[in-house]
Amino acid sequence: MASERIPGRPRALSGIQPTAGSFHLGNYLGAVRQYVALQETHDAFYMVVDLHAITVPQDPAELRANTRLAVAQLLAAGLDPERCTLFIQSHVPEHTQLGWLMNCITGFGEASRMTQFKDKSAKQGADRATVGLFTYPILQVADILLYQADAVPVGEDQRQHIELTRDLAERFNGRFGPTFTLPQAYIVREVAKIHDLQDPTAKMSKSAASAKGLVNLLDEPSVSAKKFRSAVTDTETVVRFDEKDKPGVSNLLTIHSALTGTGIAELEEQYAGKGYGALKTDVAEIFVAWVTPFRERTQEYLGDPETLDAVMAKGAEKARAVAAETLAAAYDRIGFVPAKH
Ligand code: TRP
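Remember, it's a predicted structure, so these values are computed and weren't measured experimentally.

Rules and cut-offs
Residues numbered from 1 in each chain as written. Predicted model: local features only at pLDDT ≥ 70, side-chain atom pairs only at ≥ 80, totals over all residues. Heavy atoms only, no water. Near = heavy atom within 4 Å. Polar contact = N/O pair within 3.5 Å; in protein donor to acceptor, adjacent residues only side chain to side chain. Helix = DSSP H or I, 4+ residues; strand = E, 2+ residues; numbered from the N terminus. Nonpolar A, V, L, I, M, F, W, Y, C, P; charged D, E, K, R; others polar. Patch = residues over 30% accessible without salt bridge, like charges linked within 9 Å, V, L, I, M, F, W, Y side chains within 5 Å. Areas by Shrake-Rupley, 256 points an atom, 1.4 Å probe, with all protein chains shown as cover. Salt bridge = Lys/Arg side-chain N within 4 Å of Asp/Glu carboxyl O. Lys, Arg positive; Asp, Glu negative; His and termini not counted. Charge placed at Lys NZ, Arg CZ, Asp CG, Glu CD. Buried < 20%, exposed > 50% of the residue type's maximum accessible area, 1.4 Å probe, protein only. Contact = heavy atoms within 4.5 Å. Phe/Tyr/Trp six-rings, centres within 6.5 Å; stacked < 30°, edge-to-face > 60°. Lys NZ or Arg CZ within 6 Å of the ring centre and 35° of its normal. Core = buried A, V, L, I, M, F, W, Y, C linked by side-chain atoms within 4.5 Å. Pairing = 2+ DSSP bridges. Axes fitted to C-alpha atoms, helices over the stretch in contact; angles between N-to-C directions. Parallel < 35°, antiparallel > 145°, perpendicular 65-115°, else oblique. Left-handed = near helix turned anticlockwise from the far one by under 90°. Expected span 1.5 Å × (residues − 1). Arc of directions from axis to C-beta.

Trainee: So what exactly am I meant to see when it comes to the site of the ligand here?
Mentor: Contacts to the ligand come from Leu13, Ser14, Gly15, Val49, His52, Tyr136, Gln140, Asp143, Ile144, Val152, Val154 and Gln158. With respect to the ligand, the side chain of Gln140 contributes an N or O atom lying 3.0 Å from a nitrogen atom. At 3.0 Å, a side-chain N or O of Gln158 approaches a nitrogen atom of the ligand. Of all the secondary-structure elements, those providing two or more residues to the shell around the ligand are strand E1 (11-16) and helix H7 (131-146). Looking at the shell around the ligand, the element that brings in the most residues is H7, giving four residues. Split into classes, the residues belonging to the shell around the ligand amount to six nonpolar, five polar and one charged.

Here it is as structure tokens:
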């Protein structure tokens, strides 16, 4: 199968970690919803990055379950295998193969400057951090370059990895001849940044200090509703968007607006004279109405492993067609003798 670009559409590629089990509301509103939208404008490739997941210890049964769960949730969120290429990273061996080439043109000092590695290895203790964690960004470079991606939808925390991707692509192209497209980080400013419900100055994260601040999409909706109703706000009573002085209320407004499409100013008007209680109850209800069908769809995909397997197989086949072509070009440029079959 030869790879063909969809004419007139830039290519987008992104990866999502399968380690959390349930996606949380911040993952959905900050990233996954963006993936869904890009299917309409881009030739979009999305993968569940299980190779990256094992850079920190994983329980095998959990990793397998979480990887399938990630695919099911991406489908439930609206990724359509007819309109994008959705696959599992380890199903495409070219990632590790191109990763090796990239390792061999990356400076040790250059890799040492990656801040995510510094943060993650500091958390684990330097002795327990693996070489895989150290080279994590270089595998990510290969992920992106294999697909000749133009745009990489990611969060601000990934900007340094996209810069490394551009640097290595330029270096390879300069030494061995034009091979790779230089990608750009696709970071949407207006994308909703969701904060912890108990500590609204912190980003919503699976490593939240208190479980009450974290809204997991696959939790029992009544449990999440309760979290919204007991969200931390402030001692005023006015519903007003002010991230600095009223981060809790602003966060609830952001979530409301993102799920209903109502503008923030309009919401402020709607809640004029009403207390925080009304806002919290409404956000809880809006969330439950949205998440209930999402959970049902996820369960349907999980309950039908044959369909899920077929989606993953088709995605891997489409991805490999592109990846194999790029890898062959890179192998040739670097001076490997072609294998005759
Ligand atoms: N490092 C990314 C993250 O932690 C995940 C990722 C892996 C990725 N490969 C990628 C993102 C390629 C974009 C493109 O979120």
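Additional details are given in the paragraphs that follow.
Trainee: Whenever I open this one, a negative patch on the surface confuses me. Can you help?
Mentor: On the surface, Glu296, Glu300, Asp304 and Glu306 cluster together to form a negatively charged patch. Within the fold, Glu306 resides in helix H13 (residues 305-334). Among the residues examined, Glu306 registers a relative accessible area of 68% and is labelled exposed.

Trainee: Any chance you could explain the side chain of His195 here in plain terms?
Mentor: Looking at the element boundaries, His195 is found in the loop between strand E5 (184-186) and helix H9 (221-229). When neighbours within four sequence positions are excluded, His195 is seen to be in contact with Pro200, Thr201, Ala202, Lys203, Met204, Glu243 and Asn251.

Trainee: Looking at this structure, how should I read the packing of aromatic side chains?
Mentor: What characterises a pair of aromatic rings is the spacing of the ring centres plus the angle enclosed by the ring planes. Under the counting rule described, the total for this entry stands at 12 aromatic pairs. Here the aromatic rings of Phe228 and Phe287 are separated by 5.2 Å at their centres, their planes lie at 50°, and the arrangement is tilted. Note that Phe228 is positioned in helix H9 and Phe287 in helix H12 (residues 276-302), a separation of 59 residues in sequence. Here Phe228 and Phe287 have matching classes, each one buried. Over the ring of Tyr271 we find Lys274, and its NZ or CZ is 5.5 Å from the ring centre.

Trainee: Can you walk me through the pattern of salt bridges in this structure?
Mentor: Any two side chains of opposite charge can pair, so long as their charged atoms come close to each other. Inspection of every chain in the model, using the stated rule, returns 15 salt bridges. The closest approach of N and O atoms between Arg240 and Asp242, which form a salt bridge, is 3.0 Å. According to the relative accessible area criterion, Arg240 is partly exposed, its value standing at 32%.

Trainee: Which parts of the structure should I look at to understand the nonpolar core?
Mentor: Nonpolar side chains in soluble globular proteins tend to be buried together. In this structure, Leu25, Leu74, Leu217, Phe228 and Phe287 are the most contacted members of the largest nonpolar core, which totals 55 residues. Contributing elements (two or more residues each) for this core: helix H1 (25-38), strand E2 (43-48), helix H3 (60-77), strand E3 (85-88), H9, helix H10 (247-260), H12 and H13. For Leu74, the residues in contact, after removing those within four places along its chain, are Ile16, Phe23, Val32, Tyr35, Val48, Leu79 and Leu86. Of all hydrophobic cores here, the second largest spans 36 residues; its members include Val49, Val141, Leu168 and Val322.

Trainee: Hey, could you run me through the pairing of E3 in this one?
Mentor: Along any regular strand, the residues point their side chains to alternate faces of the sheet. Of the two faces of E3, both are covered, the one formed by Thr85 and Phe87 as well as the one formed by Leu86 and Ile88. Note: E2 against E3, four bridges, orientation parallel. If you follow Val48 over to E3, its bridge partner there is Ile88.

Trainee: Would you explain unusual backbone geometry in this entry?
Mentor: One can expect most non-glycine residues to show negative phi and most peptide bonds to be in trans. One non-glycine residue, Gln148, lies in the positive phi region at around 55°. Secondary-structure assignment places Gln148 in the loop between H7 and strand E4 (151-153). Judged by its relative accessible area of 15%, Gln148 is buried.

Trainee: Hey, could you run me through the packing of helix H4 (residues 94-103) against H13 in this one?
Mentor: The geometry of H4 relative to H13 is characterised by a closest axis approach of 10 Å and an angle of 25° between their N-to-C directions. Judged by the angle between their axes, H4 and H13 are roughly parallel. Considering the relative orientation of H4 and H13, their crossing is left-handed. Of the residues in H13, those touching H4 at Glu94, Gln97, Leu98 and Leu101 are Arg320, Ala323, Ala324, Leu327, Ala330, Tyr331 and Ile334. Its residues assigned to classes, the contact of H4 with H13 comprises eight nonpolar, one polar and two charged.

Trainee: I would appreciate a short explanation of the side chain of Lys227 in the present structure.
Mentor: You can see Lys227 is positioned in helix H9. Apart from the residues lying within four places of it in its own chain, the contact partners of Lys227 are Leu197, Ala211, Lys212, Leu214 and Asp219.

Trainee: Just to check I follow, could you spell out helix H8 (residues 159-176) for this structure?
Mentor: Every α-helix carries 3.6 residues per turn, so stepping three or four residues along brings you back to the same face. Between its terminal C-alpha atoms H8 stretches 26 Å, which fits the 26 Å expected from 18 residues at 1.5 Å a residue. What H8 keeps buried is the set His161, Ile162, Leu164, Thr165, Leu168, Ala169, Phe172 and Asn173. For H8, the angular spread of the buried residues around the axis is 160°, confining them to a single face. Residues of H8 that are exposed and point more than 90 degrees away from the buried face comprise Gly174 and Arg175.

Trainee: How do you make sense of the pairing of E2 when you look at a structure like this?
Mentor: Burial analysis of E2 places six of its six residues in the buried class, which makes it a mostly covered element. Of the two faces of E2, the one holding Asp43, Phe45 and Met47 and the one holding Ala44, Tyr46 and Val48 are both buried throughout. Sheet topology note: the E1/E2 ladder contains six bridges and is parallel. Following the sheet pairing, Ile16 is matched in E2 by Val48.

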